[in-house]
Amino acid sequence: MELLEQCKEWNNNEEYQKVVDALEILPDNARTPEMDSELAKAYNNLGEPGDFKPFRQALGLLLPHEEYFRGNHRFYFRVAYSYFYLEEHGLALHYFKKALDSKPGDSDTIEMMTSCADMLSESDL
């Protein structure tokens, strides 16, 4: 099985540390944008609220590939998810909107957008 496909399988099976271990040993220039995206997903899922480091790592992997992933729901969702847990709710909402534009009606995106909007309205009080 190709490494990228293996990483996707590990992510789907919630074996996030295996993704990190397999991809972090590669030099940055040896990873494809898709590999960086899978690695970012693993970091996002390893992160805990209040522990900002994994979410920063995920953004560091994703943002350089924004042009490459233009219009890609998964990309926008992963970026938004990172910003959400970094408590950057305005930026998170911006990227969740892009995610919803690329996959209208997606229930996970709508749920996260609602949480974001709630957080933003609470901060305005």
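Every value quoted in this text rests on a predicted model; they were computed, and no experiment measured them.

Colleague: Help me get a handle on the overall build of the protein, residues and values and all.
Modeller: Summing up its helical and strand segments, the protein has seven helices and zero strands in all. Each helix and strand of the protein, placed in order from N terminus to C terminus, yields the pattern α-α-α-α-α-α-α. On the principal axes, the C-alpha backbone points of the protein span a range of 50 × 30 × 25 Å. Here the protein holds 125 residues, and the buried ones make up 42% of them. A total of about 7,100 Å² of accessible surface is found on the protein, and carbon and sulfur atoms cover 49% of it.

Colleague: Can you explain the pattern of salt bridges? Please cite residues and give values.
Modeller: Two side chains that carry opposite charge are able to pair once their charged atoms sit near each other. Under the counting rule described, the total for this entry stands at seven salt bridges. With a shortest N-O distance of 2.5 Å, Asp36 and Arg31 are connected by a salt bridge. Relative accessible area serves as the criterion here: at 6%, Asp36 is assigned to the buried category. For Arg70, the salt bridge goes to Glu67, with nearest N and O atoms at 2.5 Å. Here the two residues Arg70 and Glu67 agree in accessibility, since each one is exposed. By sharing partners, the salt bridges in this structure join Asp28, Arg31 and Asp36 into a single network.

Colleague: Please give an account of the side chain of Asp36 that cites residues and values.
Modeller: The topology assignment puts Asp36 in helix H3 (residues 33-46). Within the structure, Asp36 has its side chain in polar contact with the side chain of Arg31 (distance 2.5 Å).

Colleague: Summarise the packing of aromatic side chains; cite the residues concerned and give the values.
Modeller: Under the counting rule described, the total for this entry stands at 11 aromatic pairs. In this structure an aromatic cluster arises from ring pairing among Phe55, Phe77, Tyr81, Phe84, Tyr85 and Phe96.

Colleague: Go over the nonpolar core, please, and point to the residues and values.
Modeller: Core analysis: the biggest nonpolar cluster contains 36 residues, and Val79 and Phe96 have the highest contact counts within it. For this core, the secondary structure elements donating two or more residues are helix H1 (3-12), helix H2 (16-24), H3, helix H4 (53-62), helix H5 (73-85), helix H6 (89-102) and helix H7 (107-123). Beyond its immediate chain neighbours, meaning those up to four positions away, Phe96 contacts Phe77, Ala80, Tyr81, Phe84, Thr109, Met112, Met113 and Cys116.

What counts, and at which threshold
- Counting restarts for each chain, with residues numbered from 1 along the sequence as it is written.
- Side-chain atom pairs in this predicted model are given and counted only at pLDDT of 80 or more, local residue features only at pLDDT of at least 70, and totals for whole chains, interfaces and linings cover all residues.
- With hydrogens and water stripped out, all remaining heavy atoms of the structure feed into the side-chain values.
- Secondary structure elements are defined from DSSP: runs of H or I of at least 4 residues count as helices, runs of E of at least 2 residues count as strands, and each element is numbered from the N terminus.
- Burial classes follow relative accessibility: with a 1.4 Å probe on protein chains only, a residue under 20% of its type's maximum area counts as buried, one over 50% as exposed, and anything between as partly exposed.
- Accessibility throughout is a Shrake-Rupley quantity obtained with a 1.4 Å probe, and a residue counts as covered only by protein chains that appear here.
- Take a side-chain nitrogen of Lys or Arg and a carboxyl oxygen of Asp or Glu: if they are within 4 Å of each other, that pair is a salt bridge.
- The term polar contact refers here to a pair of N or O atoms within 3.5 Å; inside protein, the definition further demands a hydrogen-donor-capable atom paired with an acceptor-capable atom, and it admits residues adjacent in sequence only when both atoms are side-chain atoms.
- Planes of paired rings set the category: under 30 degrees apart is stacked, over 60 is edge-to-face and the rest tilted, where pairs are Phe, Tyr or Trp rings (Trp by its six-membered ring) whose centres lie within 6.5 Å.
- Among buried residues, those of type Ala, Val, Leu, Ile, Met, Phe, Trp, Tyr and Cys that are joined through side-chain atoms within 4.5 Å constitute a nonpolar core.
- Note on definitions: a residue-residue contact is assigned when non-hydrogen atoms from the two residues lie within 4.5 Å.

Everything listed here is a matter of geometry and, on its own, says nothing about what the molecule does.
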